[in-house]
Amino acid sequence: MADPVPILLMVRELNLGGTERQLAEMAKALDRSRFAPHVGCFRPSGLRGDELRAAGVPIVQFHVPSMASIRGAFEIARYVRDRGIRLVHTFDTPANLYGLPAARMAGTAVVVSSQRVDRGLWPGAVRHALRVTDHLVDGVVVNCEFLRRRLSDEEKVPAGMIHLCYNGIDTGAFHARRGARPAALREALLVIGVVCGLRPEKDLATLLAAFARVRGSVPDMRLAIVGSGPCLAGLEEQARVLEIAPQCVFEPATPHVAEWLRAIDIFVLPSLSEALSNALMEAMSCGCCVVASRAGGNPELVSHGESGMLFEARDEAGLAAILRELACDPALRSALASRAVHKIQQQFTLAAAARRLGEIYAALLPEH
C-alpha cells in the first residue's frame, strides 16, 4: 500500500468558531491510511490547537503579523516543498487570501480553497481579491448548494471546479440526552434561544421582537442569547426597551455549547445571510425544535414542517406566529425535534463529511 499523502489544511487561528471546528474535525477524521494531515495557521493557541495536538496532528505556525507581510508567504512555500505536501486546502478567507497564493508559489502542490460564507458579507476589495484567488486554485470546496449556485452564477467560477462537502457534526458530543438546565434557566418551563456570534447578519433583533409578542403564550418562558459579538450592547438595550429584559438571559460565548443547546426547547436562527450553519446543525443534533429563516443553506437543513420550521427573513410577525404555535404544542415540538436528530444522524455526521472530503482530495490528486 502507498504511503499516506501529506496534505496541509490552513486557517487563520485555532480557537472557537465554526470554521475552526470543521477544520479540526476533518484533520482528525480523514482516513489516515490515505492522508497525512498537517495544520497550518497564523495563530496556533486555542481550543482547536489543543485538540489537534492531542490527536497527533502536526501544527505549524506561519508568522503573518499582517496581510502585507511577505515573511509568512515564504515560510508557507518552504514548508510545502520541504515536507513534500501534495495538497493545500485553505479553510477561511484570511487563509484563502494569504496562504493560497503562497502555496501556489511553492509550485509542487494541488491548491484548494474554501467558500464557507456568502461573499456578499465582505467589502468590495475583499470580494475582488477572492475572485483573483479563484484563478489560482485547482478547486473550490463549498459547504452547501446555495454557495455552489452563488459561485457559479455570480462569481463565474466554472461549475466543474466547485466541490460540495456538507459540514459534519460530532453526534457523540452533540446529542439529545438532556440533563438539568444551566442555573440561569433552572426555573424556566420553556426556553427559546440561540447560540451564535452576535453579528449584524444574524438579525437577532427580529428574534427579540418576536419573543416580545409571544412571551405570555405559556408561563415562565425565557429567551437565551448565547454568544459574543458587536451586537451585544444593542440587543441588551432592545430587551430593556421591549420590557423583556427580566425574561432574557445573555451568556457570553462558551466552549460548553452542547450543554446550552440541550437547555433550549426552541432554537431560532433568524439570519439574513447564511451558508450551512454549524449552529443550526448542532441545535438539531441536540434535540432542539429548530426555526430558521429561509436564508442561504438553511432550507437544505430544515424541511418546513418536517425537521423544523422556516420563515422569511426579517418577518417578525411570521416568526412570532411560529413561536406561538410551537410554544403551545409540545407534541409538535417533540416530533419536529426527533426528525431533526434523525436527519443529522443520517446525512450530516463527521464520518460522512470526512469521507466526502477524502473523495474530493483523491479526485484532485492525479495519482489517486
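Now for a look at the structure at hand. None of these values were measured; they are calculated from a predicted model.

1. With respect to the nonpolar core
Grouped burial of nonpolar side chains is what soluble globular proteins tend to show.
Point 1. In this structure, L8, F62, I192, L261, F267, L280 and V291 are the most contacted members of the largest nonpolar core, which totals 99 residues.
Point 2. Per element, the largest residue contribution to this core is seven residues, and it comes from helix α7 (residues 204-214).
Point 3. Excluding anything up to four places from it in sequence, L261 contacts F174, R178, V195, F267, E282, A283, C286 and C288.
Point 4. Judged by nonpolar contacts, the second largest core, of 29 residues, contains A24, A27, C41 and V112.

2. With respect to the sheet that holds strand β12 (residues 289-293)
Point 1. Reading across from one edge, β10-β9-β8-β11-β12-β13 is the order of the six strands in this open sheet, with parallel pairing throughout. In this open sheet, the two strands that pair with only one neighbour each are β10 (248-251) and β13 (309-311). This sheet shows a mean twist of 20° between the axes of neighbouring strands, independent of strand direction.
Point 2. Bridge count between β12 and β13: three bridges; the pairing is parallel. Residue pairing across strands places V291 opposite M309, the latter belonging to β13.
Point 3. Contacts between α7 and the sheet are confined to β8 (190-195), β9 (221-226) and β11 (266-269), with β9 contributing the most and set at about 170° to the helix.

3. A look at empty space enclosed by the protein
Point 1. Using the criterion set out here, one finds three cavities of 30 Å³ or more in the structure.
Point 2. A volume near 90 Å³ is recorded for the largest cavity.
Point 3. Residue assignment for the lining of the largest cavity shows that the elements contributing at least two residues are α1 (18-29) and α14 (350-364).
Point 4. The residue inventory of the lining of the second largest cavity, partitioned by class, reads three nonpolar, one polar and six charged.

Quick notes on the rules
Residues numbered from 1 in each chain as written. Predicted model: local features only at pLDDT ≥ 70, side-chain atom pairs only at ≥ 80, totals over all residues. Heavy atoms only, no water. Core = buried A, V, L, I, M, F, W, Y, C linked by side-chain atoms within 4.5 Å. Buried < 20%, exposed > 50% of the residue type's maximum accessible area, 1.4 Å probe, protein only. Helix = DSSP H or I, 4+ residues; strand = E, 2+ residues; numbered from the N terminus. Contact = heavy atoms within 4.5 Å. Pairing = 2+ DSSP bridges. Axes fitted to C-alpha atoms, helices over the stretch in contact; angles between N-to-C directions. 1 Å grid on protein atoms, 1.4 Å probe; cavity = no way out; pocket = protein on both sides within 12 Å on 5 of 7 lines; lining within 4 Å. Points joined across faces, edges and corners; volume = space filled by probe spheres on them. Nonpolar A, V, L, I, M, F, W, Y, C, P; charged D, E, K, R; others polar.

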